[in-house]
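Chain residues, written in single-letter form:
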Amino acid sequence: SSDGLFKGIHYALSGCGMPYYVITSETKEDASSKLTSQGNLLEDFTADSPRLYASPDRLQALLQVSERVPAGSRLHFVDSDPKVLEEAAKALIPGIRLYRAMWSNEGFSTDEVGGSYLQQPYQCIGLTEFVELSKMGIIMAYGIDSHRQYALEQLYRNPSKS
């Protein structure tokens, strides 16, 4: 977001027991300055941090991050831009789950979420779900949606079977 981190993300990451990366379209220097100014939690996101990916092509950065994830691990990618998420789904990155940050400063309409979101290759999540995801690795309130996620994985992992 243009104001630095998405609202509430600092709290969500404060209890995150999993490694996390930052992918940004800003320069590494600008992103690092915003991140390190947030306090101790993000102080290691210096411009030369191996966990900070700055690129105008966020999909390429995501592909680089996915190469660092051990085989059999799950990669959770959260972004507010549906175009980036749709590109990520088409890239068929093994073991990835895609989430659209619906609490960000980016504009979206409730109509957009209501009707078409079920056809999207990502889950729309609010800040509460993101906190659960970052702290526990799962979204507790999304039991029903997990079936949708399974169906999406089948569709996008096996396009010939659609």
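Residues numbered from 1 in each chain as written. Predicted model: local features only at pLDDT ≥ 70, side-chain atom pairs only at ≥ 80, totals over all residues. Heavy atoms only, no water.

Before going further, it helps to examine the confidence of the model for the chain. Overall, the predicted model of the chain reaches an average pLDDT of 76, with 72% of residues at or above 70. Of all helices and strands in the chain, the one with the weakest mean pLDDT is helix H7 (residues 143-157) (49), whereas strand E2 (residues 52-54) scores best (93). Confidence over residues 156-162 falls short of pLDDT 50; this stretch has nine contacts with residues more than four positions distant or in other chains. (pLDDT = per-residue confidence, 0-100. Helix = DSSP H or I, 4+ residues; strand = E, 2+ residues; numbered from the N terminus. Contact = heavy atoms within 4.5 Å.)

Turning our attention to the pairing of strand E3 (residues 75-79). The two faces of E3 differ: Leu75, Phe77 and Asp79 on one face are buried, but His76 and Val78 on the other face are not. Between E3 and its parallel partner strand E4 (residues 96-101), the chain crosses via helix H4 (residues 82-90), and the hand of that crossover is right-handed. (Buried < 20%, exposed > 50% of the residue type's maximum accessible area, 1.4 Å probe, protein only. Right-handed = clockwise from strand over helix to strand, strands pointing away.)

Moving on, we get to the packing of aromatic side chains. In this structure the tally under the stated criterion is two aromatic pairs. Taken together, a centroid distance of 5.9 Å and an interplanar angle of 25° make the contact between Tyr20 and Phe45 stacked. With Tyr20 in the loop between helix H1 (9-14) and strand E1 (22-24) and Phe45 in the loop between helix H2 (28-36) and E2, the pair connects residues that are 25 residues apart, well separated along the chain. Both residues of the pair, Tyr20 and Phe45, count as buried. Across the ring face of Tyr20, the terminal group of Arg51 is positioned such that the distance to the ring centre comes to 4.8 Å. (Phe/Tyr/Trp six-rings, centres within 6.5 Å; stacked < 30°, edge-to-face > 60°. Lys NZ or Arg CZ within 6 Å of the ring centre and 35° of its normal.)

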